[in-house]
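# Close look at the chain arrangement
Each chain, letter by letter, is given below.
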Amino acid sequence: VLDNDFEIELFAAEPLVQDPVEMIFDERGNIYVVEMPDYPFQPEGPEGKGRIKILLDRNADGQIDDVVVFADGIKDATSVQPWEGGVLVTAAPYIYFMKDTNGDFIADEKEVLFSGFFQENQEAQITNLRFNIDNWVYAANHGRSADVLFSRDASQTPLKLRGADFRFRLDKGLFEPETAAAQFGQALNDWGHRFITQNTLHIQQAVVPWRYLNRHPHLPSTKGTKNISDHDLLMFQRTDAPYWRVERSNRRQKKYDEQELDRIEHIDSHFTGASGGTHYGGDLFPEDYQGSIFTGEVMGNLVHRDVITLPHDEVSYRAQRGSGDKHSEFLVSTDPWFRPAHFTVGPDGALYVVDMYRQHIETPLSIPEDLKEEMDFMRGSDKGRIYRIVPKGHQDGLPFSDLQRNRGAKDYVQWLTHPNQWYRLHGQRMLLELQDESVLPKVKELFENHEDARTRLHAFYVMEGMDALSTDVVKRALMDSHPRVREHGLILAESCKTCFNDIAALATDHDLRVVMQTALSVGFFPANKAQPILVDILLKYYQDEWIR
């Protein structure tokens, strides 16, 4: 059952796809699907059965009719991110770079970029690679401990990753911890803010980045995330809980009761398998749906939608049900094998639902031994579906042919102005990779004059990524009419020695998140200059926990 304003169609299914856990489009419209047939078991030896496929539309009719296995034999592959004509791949304990160099859609180049990530539990590994507006690639790590090595710098000592997610910049050779802990699902909105998914907490916001909270060893807390849902665990499923879950939950509840713990083990109708939170940044859906975050609930066999708002007097967002979803879900199935693990938004603006389609979706580590005796965890491993959701009456197919033509830097500059986030992010990334300085005057013009604040922000970071930021440009960002551009202006002003007074002026900004970023950013300046600003902010806004 789908929201009345939309229709759903089958985009791809077995045998073309099997056990899919993620799907993305690269800048040429090539469709990569990550398959995880080993789940939920750890294969022995260095290789597994994991695959990355490229879905093809051979006859250009907008329908998938063929696949090519881009790479196989991968152990625990979970996500991909386009990069320099290939893809970055998470497959614990590694992050790889893979590329097809001869045009046959088969990877013939494979490089281990990072190693050392946690690899024991498949539901808590490195995953969800996402290129963000700040030119960093972010990855979910579920807060797992790791000693991370970067292969391109032999002099590096291992990065101690503890209780954190991960982010890196290959263009600068940088990598560091990030506020945790995303499990499987990492949504980045138009302004670069992160929203993360965890089994029971279906939507949290990373309110304060790791680099600020952990630069001072005596803070009472370094927890930078917040559960922003105003409806907590409640969901509206239409399937019955499986027998093993009913029995396991009853046993757990009995133990809690015996220990006199104030704790409830929910059997159904509550989030326990939230997965794949994804920001809808497309332009195809009605305006009320744009900016929403869609999250799968693999145990409840449904897709949940959150409406995200950021009041000017708060530093964190609010996640609420839509006006038509008070007692229902965006998409709910009566098929207990429907496992919406992930989503992607395409260049066409459609929302694609990645359905792993399995009888069982729980790790055996979490099920009592006697209940596992009759469970076939691999049942359904030969199946998998991907669905396409569009508004009712929408007829247009995918722009395959248009995306396949060769483009230059000028084309990607134009992409920065597109209403669909897919184009803007890919355009920015391609400009970062091309480093064509001839387009900088046009990029600067977009930053100074474009009416869409999102385009101005992308242009701002294109200049940053091409080492073309001047003090005047940074100061202009600090005075931008949109608070989110001012917020990023503060971040990039942290290394500007002559920008302190311009930064300090935003301590009285009408937008509280800008005020908080001011407090975070002045910390990069000498204490005798920063302290009066911090005192003023604290005295005025001390009632806000994040400001404190």
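The following paragraphs examine the structure supplied in this document. (Residues numbered from 1 in each chain as written. Predicted model: local features only at pLDDT ≥ 70, side-chain atom pairs only at ≥ 80, totals over all residues. Heavy atoms only, no water.)

### Some words on the sheet that holds strand β10 (residues 127-131)
Through backbone hydrogen bonds, the strands of a sheet pair up, either in parallel or in antiparallel fashion. Convention followed: Here, strands pair whenever DSSP counts at least two bridges between them. Under the scheme used here, helices are H or I runs from DSSP no shorter than 4 residues and strands are E runs no shorter than 2 residues, and both carry numbers assigned from the N terminus. Every angle, taken between N-to-C directions, lies between 0 and 180 degrees, and every axis is a line fitted to C-alpha atoms, over only the stretch in contact when it is a helix.
Taken in spatial order, the four strands of this open sheet run β10-β11-β14-β15, and their pairing is antiparallel. Each edge of the sheet is formed by a strand with only one pairing partner; in this case those strands are β10 and β15 (174-178). Strand-to-strand, the axes of this sheet are offset by a mean angle of 20°, without reference to chain direction. Both strand β14 (residues 165-169) and β15 contribute to a ladder of five bridges, which runs antiparallel. Directly across from F166, in β15, lies its bridge partner P177.

### A word on the pairing of strand β9 (residues 109-115)
As judged from the six bridges shared by strand β8 (residues 94-99) and β9, these two strands associate in the antiparallel manner. Residue pairing in the sheet places Y94 in a bridge with S115 of β9. Of the strand pairs in this sheet, β9 and strand β12 (residues 146-150) are connected by two bridges, and their pairing is antiparallel. Paired with F114 across the two strands is F150, which belongs to β12.

### Looking at the state of the cysteines
Put simply, the rule is: Pairs of cysteine sulfur atoms within 2.5 Å are identified as disulfides in what follows.
The tally for this structure, following the rule as stated, stands at one disulfide. Shown here is the disulfide that connects C496 with C499, its sulfur atoms set 2.1 Å apart. Between C496 and C499, the disulfide has an S-S torsion of 65° and is therefore right-handed.

### Quick word on the pattern of salt bridges
Basically, it comes down to this: What makes a salt bridge here is a side-chain nitrogen of Lys or Arg within 4 Å of a carboxyl oxygen of Asp or Glu, nothing more. The cut-offs for exposure are 20% and 50% of the maximum accessible area for each residue type, with area from a 1.4 Å probe on protein chains only; residues under the lower value are buried, those over the upper are exposed, and the others partly exposed.
Inspection of every chain in the model, using the stated rule, returns 39 salt bridges. When the shortest N-O distance is used, the salt bridge between E14 and R385 registers 2.8 Å. You can see E14 sitting in the loop between β1 (6-13) and β2 (20-25) and its partner R385 sitting in strand β27 (residues 385-391), a full 371 residues away along the chain. Across the salt bridge formed by R169 and E464, the nearest N and O atoms sit 2.9 Å from each other. In this pair, R169 sits in strand β14 while E464 sits in helix α8 (residues 453-465), placing the two residues 295 residues apart along the sequence. For the residue pair R169 and E464, the accessibility class agrees, reading buried in each case. When salt bridges with common partners are traced through the structure, they connect D134, R167, E176 and E178 into a single cluster.

### Observations concerning the packing of helix α12 (residues 512-521) against helix α13 (residues 527-541)
The following threshold applies: Crossing handedness: left-handed means the near helix sits turned counterclockwise from the far one by under a right angle, and right-handed means the same turn made clockwise. Note on contacts: a residue pair qualifies if any of its non-hydrogen atoms lie within 4.5 Å across the two residues. Gly counts as polar in this scheme, as do all residues outside two lists: the nonpolar Ala, Val, Leu, Ile, Met, Phe, Trp, Tyr, Cys and Pro, and the charged Asp, Glu, Lys and Arg.
The interhelical angle for the contact between α12 and α13, taken along N-to-C directions, is 145°, at an axis separation of 10 Å. Relative to α13, the crossing made by α12 is left-handed. On α13, the residues touching L512, V515, T518 and A519 of α12 are L534, I537 and Y541. Here the residues of the contact of α12 with α13 are counted per class, giving six nonpolar, one polar and no charged.

### Focus: the sheet that holds β12
Reading across the sheet, the six strands line up as β6-β7-β8-β9-β12-β13 and stay open at both edges, with antiparallel pairing between neighbours. Both edges of this open sheet fall to β6 (77-83) and β13 (159-161), since each of them pairs with a single strand only. Sheet twist, expressed as the mean angle between neighbouring strand axes with direction ignored, is 30°. Note: strand β7 (residues 86-91) against β8, five bridges, orientation antiparallel. The partner of A91 across the bridge, within β8, is Y94.

### What about unusual backbone geometry?
Look at the link from A92 to P93: it is a cis peptide, with omega at 15°. Looking at where P93 falls in the secondary structure, it is placed in the loop between β7 and β8. In this model, E84 sits at a positive phi of 45°, which is unusual for a non-glycine residue. Mapped onto the fold, E84 is located in the loop between β6 and β7. Overall, the relative accessible area of 37% leaves E84 in the partly exposed class. Although it is not a glycine, N135 sits at a positive phi angle of roughly 75°. In this fold, N135 is placed in the loop between β10 and β11 (137-140).

### Examining helix α9 (residues 471-478)
Every α-helix winds through 3.6 residues per turn, so residues three or four apart in the chain are directed the same way. Our working rule: This arc corresponds to the set of directions leading from the helix axis out to the C-beta atoms.
Burial in α9 covers these residues: V473, V474, A477 and L478. Take α9 and look down its axis: the buried residues cluster within an arc of 145°, on one side only. Buried residues in α9 make contact with α7 (440-449), α8, α10 (483-492) and α11 (500-504).

### Thoughts on α13
Short version of the rule: For a helix, the expected span equals 1.5 Å multiplied by the residue count minus one.
Helix length check: α13 (15 residues) gives 20 Å between terminal C-alpha atoms against 21 Å at 1.5 Å per residue, within 8%. When we look at burial in α13, the residues that qualify are A530, I533, I537 and Y541. All buried residues of α13 fall inside an arc of 70° around its axis, so they share one side. The exposed residues of α13 that point more than 90 degrees off its buried face are A527, N528, Q531 and L539.

### A closer look at the pairing of strand β20 (residues 274-279)
Residues in a regular strand project their side chains so that they alternate between the two faces of the sheet. For β20, the buried fraction is high: six of the six residues fall into the buried class. As paired strands, β20 and strand β21 (residues 293-297) are joined by four bridges and run antiparallel to one another. Looking at the pairing, A274 lines up with E297 of β21.

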